[in-house]
Protein chains: 2
Amino acid sequence: MPGALDELKELMAEVTDLRKISRLLTWDAQTMMPAAGVTHRAEHSALVQRLAHERIAGARTGELLEELRPLEDSLDPDSDDARFLWLVRRTHEKEARVPASLRAEMAQVAAEARPVWAKAKAESDFASFLPWLERNVELKLRYVELFPEVEEPYDVLLDDYEPATSTADVRATFEELKPELLSLIAELRDREVDDSFLRGEYPPDRQRAIAREVVDLFGHRPDSWRIDPTEHPFASGPGRDDVRITTKYEPDSLKSLFSTMHEYGHGLYTHQLPEAIARYPHGQDCSLGIHESQSRLWENLVGRSEPFWRFFYPRLQDAYPERLRPVEVERFLAAVNTVTPSFIRIKADEVTYGMHVMLRFELEQDIVNGRVELRDLPEAWNAKMWDYLGVEVPDDAHGVLQDVHWSGGMIGYFSTYLLGSVMSVQIWQAVLRDVPDLEERIGRGEFGALRDWLGEHVHALGRKYPPQETLRRATGSTISARPYLEYLRAKYA
Amino acid sequence: MPGALDELKELMAEVTDLRKISRLLTWDAQTMMPAAGVTHRAEHSALVQRLAHERIAGARTGELLEELRPLEDSLDPDSDDARFLWLVRRTHEKEARVPASLRAEMAQVAAEARPVWAKAKAESDFASFLPWLERNVELKLRYVELFPEVEEPYDVLLDDYEPATSTADVRATFEELKPELLSLIAELRDREVDDSFLRGEYPPDRQRAIAREVVDLFGHRPDSWRIDPTEHPFASGPGRDDVRITTKYEPDSLKSLFSTMHEYGHGLYTHQLPEAIARYPHGQDCSLGIHESQSRLWENLVGRSEPFWRFFYPRLQDAYPERLRPVEVERFLAAVNTVTPSFIRIKADEVTYGMHVMLRFELEQDIVNGRVELRDLPEAWNAKMWDYLGVEVPDDAHGVLQDVHWSGGMIGYFSTYLLGSVMSVQIWQAVLRDVPDLEERIGRGEFGALRDWLGEHVHALGRKYPPQETLRRATGSTISARPYLEYLRAKYA
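Residues numbered from 1 in each chain as written. Chains lettered and ligands numbered in written order. Predicted model: local features only at pLDDT ≥ 70, side-chain atom pairs only at ≥ 80, totals over all residues. Heavy atoms only, no water.

Within chain A, the secondary structure is distributed over 22 helices and three strands. Relative to the 2.2 N^0.38 estimate, which gives 23 Å for 493 residues, the radius of gyration of chain A is 23 Å and therefore close to what a compact globule would have. If one aligns the C-alpha atoms of chain A with their principal axes, the spans along those axes are about 70 × 50 × 45 Å. Each of the 493 residues in chain A was classed as buried or not, and the buried ones make up 58%. Just so you have it, chain A exposes about 19600 Å², and 51% of that area is on carbon and sulfur atoms. Here chain A contributes 60 positive and 85 negative side-chain charges, whose respective centroids are spaced 2 Å apart. (Helix = DSSP H or I, 4+ residues; strand = E, 2+ residues; numbered from the N terminus. Rg over C-alpha atoms; globule rule 2.2 N^0.38 Å. Buried < 20%, exposed > 50% of the residue type's maximum accessible area, 1.4 Å probe, protein only. Areas by Shrake-Rupley, 256 points an atom, 1.4 Å probe, with all protein chains shown as cover. Lys, Arg positive; Asp, Glu negative; His and termini not counted. Charge placed at Lys NZ, Arg CZ, Asp CG, Glu CD.)

What follows concerns the sheet that holds strand S3 (residues 242–247) of chain A. All names here are of chain A. Sheet architecture is open: three strands sit in the order S1-S3-S2, paired in mixed fashion. Strands with a single pairing partner mark the edges of an open sheet, and in this sheet they are strand S1 (225–229) and strand S2 (235–239). Direction aside, the axes of adjacent strands within the sheet are offset by 20 degrees on average. Here three bridges tie S2 to S3, and the two strands are oriented antiparallel to one another. Along S3, the bridge assignment pairs Ala 235 with Ile 245. Its contacts with the sheet put helix H1 (residues 2–31) on S1, S2 and S3, and the angle it makes with S2 is roughly 135 degrees. (Pairing = 2+ DSSP bridges. Axes fitted to C-alpha atoms, helices over the stretch in contact; angles between N-to-C directions. Contact = heavy atoms within 4.5 Å.)

What follows covers the relation of the copies chain B and chain A. By a simple turn and slide, chain B fits onto chain A: the slide is 0.0 Å along the axis, the RMSD is 0.0 Å, and the turn is 180 degrees. Accordingly, the operation relating the two chain copies is best matched by a two-fold axis. Residue by residue, 100% of the interface of chain B is reproduced at the interface of chain A, so both copies engage with the same surface. (Least-squares fit on C-alpha atoms with pLDDT ≥ 70 in both.)

Another aspect to go through is the pattern of salt bridges. Residues and elements named next belong to chain A. Taken as a whole and judged by the stated rule, the model has 110 salt bridges over all chains. Taking the shortest distance from any N to any O, the salt bridge between Arg 41 and Asp 28 comes out at 2.9 Å. Note that Arg 41 is positioned in helix H2 (residues 38–57) and Asp 28 in helix H1, a separation of 13 residues in sequence. Using a relative accessible area of 1% as the deciding quantity, one classes Asp 28 as buried. A salt bridge links Arg 482 to Glu 180, with the shortest nitrogen-to-oxygen separation between them at 3.1 Å. On the criterion of sequence distance, the pair formed by Arg 482 in helix H22 (residues 481–491) and Glu 180 in helix H9 (residues 167–188) is long-range, its members being 302 residues apart. Relative accessible area serves as the criterion here: at 31%, Arg 482 is assigned to the partly exposed category. (Salt bridge = Lys/Arg side-chain N within 4 Å of Asp/Glu carboxyl O.)

The next thing to look at is the domain arrangement of chain A. All names here are of chain A. Examined at the domain level, chain A breaks down into domain 1 (2–96) and domain 2 (126–493). Taking only C-alpha atoms into account, the centre of domain 1 sits 27 Å from that of domain 2. Opposite the 21 residues of domain 1 that make contact, domain 2 presents 30 residues. Taking both partners together, domain 1 and domain 2 bury about 2300 Å²; carbon and sulfur atoms supply 56% of that area. If you sort the residues of domain 1 by the area they bury against domain 2, Arg 23, Trp 27 and Lys 94 come out on top, with a joint share of 26%. Across the pair Asp 159 and Arg 90 runs a salt bridge, and its minimum N-O distance is 2.7 Å. At the junction of domain 1 and domain 2, the tally comes to 11 residue pairs in polar contact (both at pLDDT 80 or more). Breaking the side of domain 1 that touches domain 2 down by element, the ones donating at least two residues are H1 and helix H5 (80–96). In terms of residue count, the dominant contributor to the side of domain 1 that touches domain 2 is H1 (11 residues). (Domains from an automatic or database assignment. Buried area = accessible area lost by both parts, 1.4 Å probe. Polar contact = N/O pair within 3.5 Å; in protein donor to acceptor, adjacent residues only side chain to side chain.)

Turning next to the packing of aromatic side chains. On inspection of all chains with the given rule, the structure shows 52 aromatic pairs over all chains. Here the aromatic rings of Phe84(A) and Tyr280(A) are separated by 6.2 Å at their centres, their planes lie at 85 degrees, and the arrangement is edge-to-face. Taken together, the residues span a long stretch of sequence, with Phe84(A) in helix H5 and Tyr280(A) in the loop between helix H11 (255–271) and helix H12 (288–302) at a distance of 196 residues. Three or more aromatic residues joined by ring pairs make a cluster, and in this case those are Phe197(A), Phe218(A), Trp225(A), Phe258(A), Tyr264(A), Trp298(A), Phe308(A), Trp309(A), Phe312(A), Tyr313(A), Phe332(A) and Phe447(A). In this structure, Lys140(A) packs its charged tip against the face of Tyr143(A), placed 5.4 Å from the ring centre. Arg360(B) extends its terminal NZ or CZ atom over the ring of Phe414(B), reaching a point 5.2 Å from the ring centre. (Phe/Tyr/Trp six-rings, centres within 6.5 Å; stacked < 30°, edge-to-face > 60°. Lys NZ or Arg CZ within 6 Å of the ring centre and 35° of its normal.)

Moving on to the interface of chain B and chain A. Counting from both sides, the interface comprises 37 residues of chain B and, opposite them, 37 residues of chain A. Summed over both partners, the interface of chain B with chain A buries about 2900 Å², with 63% contributed by carbon and sulfur atoms. Summed over the shared surface of chain B and chain A, the number is eight salt bridges. At the junction of chain B with chain A, the criterion picks out 18 residue pairs in polar contact (both at pLDDT 80 or more).

As a further point, take helix H9 (residues 167–188) of chain B. All names here are of chain B. With 22 residues, H9 should reach 32 Å at 1.5 Å per residue; the first-to-last C-alpha distance of 30 Å fits that figure. If you look at H9, its biggest bend is around 30 degrees, right at Lys 178, and the proline Pro 179 turns up within four residues after that. Turning to H9, its buried residues are Thr 167, Val 170, Thr 173, Phe 174, Leu 177, Lys 178, Leu 181, Leu 184, Ile 185 and Leu 188. Where H9 is buried, its residues touch helix H8 (154–161), helix H16 (350–368), helix H17 (377–389), helix H18 (415–434) and helix H22 (481–491). (Expected span 1.5 Å × (residues − 1). Bend = angle between axes of the 7 residues up to and from the residue.)

Let us look at the pairing of S3(A). All names here are of chain A. Within S3, six of the six residues are buried, leaving the element largely enclosed by the surrounding structure. Burial of the side chains of S3 extends over both faces: Asp 242, Arg 244 and Thr 246 are buried on one face and Val 243, Ile 245 and Thr 247 on the other. The pairing of S1 with S3 spans five bridges and is classified as parallel. Residue pairing for S3: Pro 229 is matched across the bridge by Thr 247. Once S2 ends, the chain turns through two residues before running back antiparallel as S3.

Attention now moves to the sheet that holds strand S1 (residues 225–229) of chain B. Ordered in space as S1-S3-S2 (chain B), the three strands form an open sheet in which the pairing is mixed. The open sheet has two edge strands with one neighbour each: S1 and strand S2 (235–239) of chain B. Strand after strand, the sheet turns through a mean of 20 degrees between neighbouring axes, direction not considered. Lying over the sheet, H2(A) contacts S2 and strand S3 (242–247) of chain B, oriented at roughly 70 degrees with respect to S2(B). Strands in contact with helix H10 (residues 204–218) of chain B are S1 and S3 of chain B; relative to S1(B), the strand with the most contacts, it is inclined by about 155 degrees.

Residues and elements named next belong to chain A. Structurally, the position occupied by Gln 284 is in the loop between H11 and H12. Given a relative accessible area of 13%, Gln 284 falls into the buried group. Polar contacts involving the side chain of Gln 284 include one to the main-chain carbonyl oxygen of Ala 278, which spans 2.9 Å. Once you skip the residues sitting within four places of it in the chain, Gln 284 turns out to touch Thr 16, Lys 20, Leu 273, Ile 277, Ala 278, Arg 279, Gly 462 and Arg 463.

This part is about the side chain of Asp228(B). Residue and element names in this part refer to chain B. Structurally, Asp 228 is set in strand S1. Among the residues examined, Asp 228 registers a relative accessible area of 5% and is labelled buried. For Asp 228, the side chain forms a polar contact with the side chain of Arg 226, separated by 2.7 Å. Residue contacts for Asp 228: discarding those within four places in its chain leaves Trp 27, Thr 31, Met 32, Ile 245, Thr 246 and Thr 247.

Residue and element names in this part refer to chain B. Two numbers describe how helix H1 (residues 2–31) lies on helix H3 (residues 59–67): the axes approach to 10 Å, and their chain directions differ by 145 degrees. The two elements H1 and H3 meet at a crossing, and its hand is left-handed. Along its contact with H1, which presents Ala 4, Glu 7, Leu 8, Leu 11 and Met 12, the element H3 presents Arg 60, Thr 61, Leu 64, Leu 65 and Glu 67. (Left-handed = near helix turned anticlockwise from the far one by under 90°.)

Below, the discussion takes up the packing of helix H7 (residues 126–145) of chain A against helix H8 (residues 154–161) of chain A. All names here are of chain A. Where H7 meets H8, the closest approach of the two axes is 8 Å, and the angle between their N-to-C directions is 95 degrees. Relative to H8, the element H7 is oriented roughly perpendicular. The segment H7 lies against H8, with Lys 140, Tyr 143 and Val 144 engaging Val 156, Leu 157 and Asp 160. Taken together, the residues of the contact of H7 with H8 break down into four nonpolar, no polar and two charged. (Parallel < 35°, antiparallel > 145°, perpendicular 65-115°, else oblique. Nonpolar A, V, L, I, M, F, W, Y, C, P; charged D, E, K, R; others polar.)

Put into structure tokens, the structure is as follows:
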């Protein structure tokens, strides 16, 4: 049986390596690849993904798992090997149900739909995207049918991004958030804050230096991180010692600074995953929600906090003396924390952000349950946008077409953005219990204790447990809306 | 049987894609990767190479080839399918003979020896590198023994880089070159040419712009090339529409310009490989020698020629007006064509270059045939350097340790540098027969006819034939030293 375990581990190490290679291919395509290289890249990415899938879903993996069942039953369920076997079994059983033909068709339609969406968005022409959305949805419904045992269809889709989390659980959390967020928005939306100085000339070369400075200040091992410019910021990289984050330097805004802090959180998670099992599935990141808890923690709990800016604001003023010398830190802090309903999620503040996510979560369930016709989606979108945020959507480019996800078949993804935000506050409070002087440390520009806490209590767990069990082990509790609401209430009191 | 052919093609397309992915991994490691990423990269590269090797050497490929033998015998031997089967059979039979354990050991020792060599070179300490050289040579001898049917052992090693080319053939060409090169060197070595202006301040940012200008002037399809700085220039890239060349911008020299033209020649070869078979082995580059014929052609036949500089020199003067306005084009042309024996191959001029290559070719045969003790290699090296070039090697860093190849187990590689130079002149003369006003075109900055000729007569052949047959089809003749010698004689008359 140790022979079978070794063989399975070797197979799964190949899967992990292939996935890391795939990440490098994607990073390169977004940052370095000449535009014409796209044809090769599509073939290369498809090959690498197929090789990974063959290993997970393959008959040999099934045989090894069968052979290893007695061993698995005899192990301490918290041991590394037990967690490895649990995860591989779960993934194998799921992937083995999906015919290669369906998977290929989903990948194909996603690849073809993406440029159609980009053009439709540029021209604000939902009708031209509609047939592709229909194909994506139809494929997703066929996918859902492969898993008849779930309580509701949407559970299948959610599980791809937030494993072992039910739609009902997410709904309960969101329903608790909703009335309070709506009342907070109503309270705060007309509060007058002068943030005009945040718009205007911020030369990108200095933004670039500041981004590097922040990432180095937050901290990491030497010679292991890159920051590159891209149209859409993301964090990636082929391994824990090769972390690559990206940001977008707009010449008239400081947004790159906050997006860099956000991506730093994602990057640090990768950077501190458990080294001893780095080549195995249980040594990878847990879920999108846990990932997002890390990025939102660094972006918001650290990056929009008073202690951080007490320390860092003089440095930012040095970078932009003409613009920022006349602005006191209190005004700056208020300006980067304004609450302003808008129609764009990616630029939303901490309070309105949740409503953007809920809107999509609700619409996706309506789609999957056939409660909305896809051609009526723009109207449904705009109605919710008015109900939740009081904004009138000017056109579909700023409405239903704004996000890339649906074009790529990523249905079931959105709720993780808000789950992450909610969990980030629970994690923050757990850090505060162990490191009571956390805010004083941050005020002195010291981030080592925070990094170490996250490394030890969250990152070190890798993918050994589902996200809610990971959160419970890290904080003592599964997800709860309460701390998040209290945090927002306190912050905006 | 068509089913078997399709299956074999699909397998080999995977091999080609894996090799292209491998090239991207290597390019990234040399240009973009944070230093700490090296551990992941070694694992990822090893995996991709192993997956490619398994497909070529694997039993299934052998079965398919067996099944396809009747088809192969019935095909027109010049048809694409016949060339495909010929190449796959040749490669399979070769790779299947090599035990995976030996291949792994060779890769392992090469990976370990490389940093040892780098340190030994930095400290000019041959003794510390000697044990690793011994291990590399011992592994190569074990590898040679797997192919007992060859005329001489060195044939096995040469074949890895220059397929179906015998050591005796190369020796014959080199023996014809040798006396004439030696007499040319004796004639030219004391000719006084003032090239002092080539040393001094040449700001790298302008070198960068000039490199881009030259590559765009020589020509390529849009949005398909990158140029990046590296310590050692090379050409690579994951496909014909994603070509990546590198160069080194030294602040006190114009060498990057010539190295860029050299790498352009390699890149153009990749760029113009036959599109219809781009995913198959017979659609790849033919050999290192043919590759080098392309790079040397653009570097020397174009890049050190009078017509080119009549056209381009004013542009270079515009980039460096203070340094180059006082220098007439004739002086510049003479300066970039001086003959000066030195101990460094990579900086050698066109005349002395050949002797550097012959020195290594001869020593490698002595090594493989046991005619020299490895510990006596520095002495043997220095003696030849004195005999051939009249230079005294100051230390082993500038002597036997100067090249990386032996540390990586690349024995059998060097002769391709000179074979390429020799073939470049034969190809040039063939172009001149078809495009008699080639030099006038170059004098007007027009390179389309040259690009197209190379594309049609050399690049389009891919790897369908061994290098000498490729040369014969392109020029009407296999390798001959005569045109090369005549070219040098005429140039330096």
